[in-house]
Structure formats: C-alpha cells, structure tokens
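Overview (structure and organization)
The primary structure of each chain is shown beneath.
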Amino acid sequence: MANVTLTIDGQKVTVPEGTTILKAAEKAGVKIPTLCFLEHVGLRHIKHDVGACRVCVVEVEGKKDLVSSCNTPVEEGMVIRTHTPKVIAARKLNLEMMLSDHHLDCPTCPKNGICELQAICAELNVRQIRPQGEKKDFPIDDSSPSIMRNPNKCILCQRCITACKVLQTVDALELYGNGFDAVVRPKGGLPLIETQCVACGQCALVCPTAAIVEKDDTWKVWEAIADPNKHVVVQTAPATHVTIGEAFGLPVGTDITGKMVAALKRLGFDAVFDTNWSADLTIMEEGYELIHRIKNNGVLPQFTSCSPGWIKFVEEFYPDLIPHISSCKSPQQMLGPIAKTYYAEKKGINPENIFVVSIMPCTAKKYEAARPEMNAASKYWNNPNITRDVDVVLTSRELIRMIREAGIDFANLPDEKYDPIMGEGTGAAQIFGATGGVMEAALRTAYEVVTGKTLPRLDFEDVRGMKDIKEASVNMNGVTVKVLVAHSLGAARQLMDKIRAGELKDYHFIEIMACPGGCIGGGGQPIPTTVEERELRIKGIYERDKKLPIRKSHENPEIQAIYKEFLKEPLGHKSHQLLHTHYTPRGKK
C-alpha cells in the first residue's frame, strides 16, 4: 500500500493510503475531539465512523466546507488545521444543536458523571445554548425487563445500531425519520420486548448518553433488605470479581472478591454466596450431559447454555438448533432454586421468606430470571407462594450505585469471605467470566471423569484470548473430543450457519458467550468497557484462577456435599427437577 504525506497543524506526517484524517492526526500527536466515533465496537475489527455528530470536523485547505475527520481519508499534500476559530465555532454549534432539544436533566440522569455528551461539552468549553426550540417528547420504552430506552436523550450517533447490527447481527434497532423527528427505535416502531432483541445490553455499553440503560431494580433490593420477614441472600457472578473495583479507582482487572463480599455484608444481606459455587455445579451437570450424549449418540455438538443472550439468539434465529443446547440452567438459575430448597432445609428457613438477589455482569440475566419456567422451587414445594427462583437481578453498575448510596469506602474495605454451604468456588468456576472459560472448566472435569487420570496440565491455552472463534481438542480414552469457542453473536452466527449447513459434525462441544470477551464484557459492566479493558479483566480472571487452592469443579467440597446430602448424582431426578430447563422456539427458521 502506498504512503501519503500531509500536513496537520504545521506538522508533516506520512501514513498509509486510506488512513483517515483522525488516525493521521493521532500519529502526528494531534488530538481531535470525537463523540459519535467509536473504534473497536466490542471487537477490534468493528468500527463505527458514520460522522453523524460533526464534532470531529477539521478545516482542509482548498475545501469550502469543513470535513468530518473520522471518516475522511487523507490525500497526498493535504493541509489540515484542527483548531481554527471556524473549526472551534462549528464544533460548539454542533454540540449546542444537540443540547437544544436535550432535556438537560443531568443531576438525575443515570449516566451523570459517565455521560460522553456531558464530558465533551466540558472539554470544548460549551457555556451557552444559543438555538432554542421545541424539545423532543418521545415515549420512554420500559417494556423490556432488561433495558430501558429514552429516545429523548438520544443524539442519533447510531452507535447502538452498529453494536446490534454489525457486532451482534441481531439488527433490532433502526434510524427512522428525518430532521427533528428522526429517532433511533426498535425495528418497526415496536416496543423492545416485541422485537428480536436478545437483551445483551451491548447497545447500552456504547450509548454515549442515557438513551439506552439497564432497567434499575435497586429499590426492590433496598426494600427487601429492610423487610424483617425476608431472608435476603445474594450471589455474585465470576466476572464481577474483577470488574467492580474499576468504579472505585482500582486498576482494571483487580481481584476485589473479598472487598465485594464485605460491601454486600455492610449493605445488609443476610447471606452472601458465590455464583462460582453454582458454576461448579453447572460443570458437573453439563459435563456429565456431554459424556452422556457422546456415549449414547445424542445430539452433537452440544452447546453451552450459560449466556441468556445467546439462548434467546438461538430461540429467535436458529430454533431448529435448540436440541443442541445443553438443558442445564445457567449458574445464576441453579443457585436460585437451590437457595429455596437445599439451603432452606439446612437452615430451617421457610422458602417463602427467602429472597434471592443476583449481581451479574449482564442485562440479559434480568430477562432470564423473569422467564416463566424459572420457578423450580415453587414447583418443588408445590407452593405458589414461593416467588420465582431469582427475585431480582442487579447489574455490576447497579451494585456500584448501591455501594455509593450507602457511603461505603469500597477501596479500603478489608477482605471478607463468602458464607458457607454455597460460598466456595474453584478456579474452574472463576474462569467462567472469560470467553473460553466454561469450555476449559468442563474439560478439566470431563477429562478426569472419563479417563480416571489426573490432568497433566490444567490450562487449555487454545481456547483463551479475544480471537473471535477458537478451537481445541483433547484425547479422552481414545476419543478425540473436539471443541469450539465463540464470543459475540456475530461470531456465533458464523458457527450456527455452518451447523445448519451440515458442517462441524465432528465437533463435540461448543461454547458461546453473547458478549465480546465473555461476561467480563457483559452489557451490565462498568462503562467504559473497551477492548483494552476486556483484555485486562480477562487477565485478572486467570490470575485469580491460579491463586485459588482448588481449580477443578468436581473437587469442590461443597459441591461434593450437595450431591451426597441432596441431589445424589449428576443428571439425577432432583437435578432435572431443579437444575435443568427447556427452551422456546420464537423466530423463523
């Protein structure tokens, strides 16, 4: 590729042909402000550069109009100025135009403090809003249990559309109308819940304002904790162990498990459990299910079932492939019914009074908990007064807000331990938080169960990292078990199309995580969640795995105890009653 030499703010710079002005300026050490531009939307090869906001405009010598730098390629001999009075005035006017029909309710906005529109206005010294006119008055869409849309806060940057259509290939959003009436909305103008939205929340992660946010359920939890008749238990997902601390000034990827437990106890929860425990339980059930399918010519390859956005994706777009999905519930939905059965029995608590809260990295977990079939404890006890298995799901961001509301000095908390019975998790469970982790954890157990031998090396490096699709194989008593791992629904779609076409028949197990990087990049995680942050969080996940004294699910003593005392065996009657589920075809083949 040929090189191009140009001048930016008096500096000569040479870049490859096709480079944008924005990237050339970066190379020259010149910062051009951006708002709608987003590089690496979840994955490094996905970019959003529609030039909608016009904040990155620059002056090009010889051109009458300003050009947006994010999507204009350089030309040989270009002379560019990035902060002339004309450029600065245009940027401010563009921001003022956005603000002119914005509701400006910043103090009560859920994105206050992390709003990119707010930040860029401060950076560019916007101190007045000269255009004045009618405010947008679109209805707020709170039809989804996971995500709330407020189109009145939308600046039409369309980042959400790129995340939904290009990254996830769900394509549930569209830009509709023109001028003042333009709006980003669910396809066809339907309420979000009536579309093919899978509730993954990647749109919320990239939204620069509060036009798309998670549904806030924190008050339900405050009220439950304050109710003396309720025994409120909480579980924390593996990915939260290395992400919550970012919001309190700790380095990205820091292991804050002990501090999170301490914070939850100070918030007033009656028992603090670890979803790592039920991740180990998931491995027992899912691993035995895989072994059963291989031995009995079952439907293969088997798909993992931990990611609720992925499950809805299959239900919507590949309902014919549902038989491939493991019948195991996710770790969240395993801990819920066990809390209201096994734990209730051991502690002598009326299950009607147990209130289960989850802290999840994921907006789709709210949808999952609300699915009508997720009431196994009620069926187990034949008692309609028992509520659903998981009563409230909070995202990482919601827990961060609760900790702040309570005035807890999170960064300086001492480490505390989870409560017993469902509080011990292994390294295998910890790596559930990263792409490839469920697969690696399953292989650690399946190998030893099938061969009766100790794994010579626990780390399956081939299924780690941010590559879209990864594969590995392992020999188990003469059978070469082949596995695949994909993260992001766009990558998942590539695999599903091949399976539908009759390919990949010689593979046994496929792990899919809906979000890039796995749960560490979930739609409910701290903002920003960039590719770089995803990689640091993954590093933190594997460092914690190495530190834990037990790194294989089947060696977890609390898991061994529940099988001995209650479940009796993997895939047994009680397991199927409480830990397994079914799926619902929703879309067209």
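Residues numbered from 1 in each chain as written. Predicted model: local features only at pLDDT ≥ 70, side-chain atom pairs only at ≥ 80, totals over all residues. Heavy atoms only, no water.

In the nomenclature of an unreviewed UniProt entry, the protein chain corresponds to NADH-dependent [FeFe] hydrogenase, group A6 from the organism Thermodesulfovibrio obliviosus.

What to know about the packing of aromatic side chains
If you walk through the whole model with that rule in mind, you get 9 aromatic pairs. Taking the centre distance of 5.3 Å and the plane angle of 40° together, the rings of tyrosine 342 and phenylalanine 566 count as tilted. Placement of tyrosine 342 in helix α10 (residues 331–347) and of phenylalanine 566 in helix α18 (residues 557–567) is noted, with a sequence separation of 224 residues between them. With a centroid separation of 5.1 Å and an interplanar angle of 90°, the aromatic rings of tyrosine 380 and tryptophan 381 are classed as edge-to-face. Classification of tryptophan 381 as partly exposed rests on a relative accessible area of 31%. Geometry around phenylalanine 248 places arginine 404 over its ring, the cationic atom sitting 5.4 Å from the centre. (Phe/Tyr/Trp six-rings, centres within 6.5 Å; stacked < 30°, edge-to-face > 60°. Helix = DSSP H or I, 4+ residues; strand = E, 2+ residues; numbered from the N terminus. Buried < 20%, exposed > 50% of the residue type's maximum accessible area, 1.4 Å probe, protein only. Lys NZ or Arg CZ within 6 Å of the ring centre and 35° of its normal.)

A word on the sheet that holds strand β16 (residues 479–487)
One open sheet holds the 4 strands; their spatial order is β12-β17-β16-β15, and the pairing between them is mixed. At either margin of the open sheet sits one strand with a lone partner, and together these are β12 (302–303) and β15 (469–476). Docked against the sheet, helix α15 (residues 437–451) engages β15, β16 and β17 (509–513), running at close to 10° with respect to β15. (Pairing = 2+ DSSP bridges. Contact = heavy atoms within 4.5 Å. Axes fitted to C-alpha atoms, helices over the stretch in contact; angles between N-to-C directions.)

With respect to the UniProt feature "domain: 4Fe-4S His(Cys)3-ligated-type" (unreviewed entry) in the protein chain
Feature annotation in UniProt places "domain: 4Fe-4S His(Cys)3-ligated-type" (unreviewed entry) on residues 86–125, given in this structure's numbering. The span residues 86–125 shows a helical share of 57% and a strand share of 0%, and its end C-alpha atoms are spaced 15 Å apart. (UniProt positions renumbered as here; feature names shortened; annotations may be inferred.)

Re the pattern of salt bridges
One pass over the structure, following the stated rule, counts 48 salt bridges. Taking the shortest distance from any N to any O, the salt bridge between arginine 266 and glutamate 416 comes out at 2.7 Å. Within this pair, whereas arginine 266 is found in helix α7 (residues 257–267), its partner glutamate 416 is found in the loop between α13 (396–405) and α14 (427–430), the two being separated by 150 residues in sequence. Among the residues examined, arginine 266 registers a relative accessible area of 44% and is labelled partly exposed. In this structure glutamate 416 comes out as partly exposed when scored by relative accessible area, which is 26%. As a salt-bridge pair, lysine 312 and glutamate 316 come within 3.0 Å of each other at their nearest N and O atoms. Of this pair, lysine 312 and glutamate 316 both sit in helix α9 (residues 308–317), 4 residues apart, which is roughly one turn of that helix. Each member of the pair, lysine 312 together with glutamate 316, is buried. Connected through salt bridges with shared partners, the residues Glu440, Arg444, Arg457, Asp459, Glu461, Arg464, Asp545 and Arg551 form a single ionic network. (Salt bridge = Lys/Arg side-chain N within 4 Å of Asp/Glu carboxyl O.)

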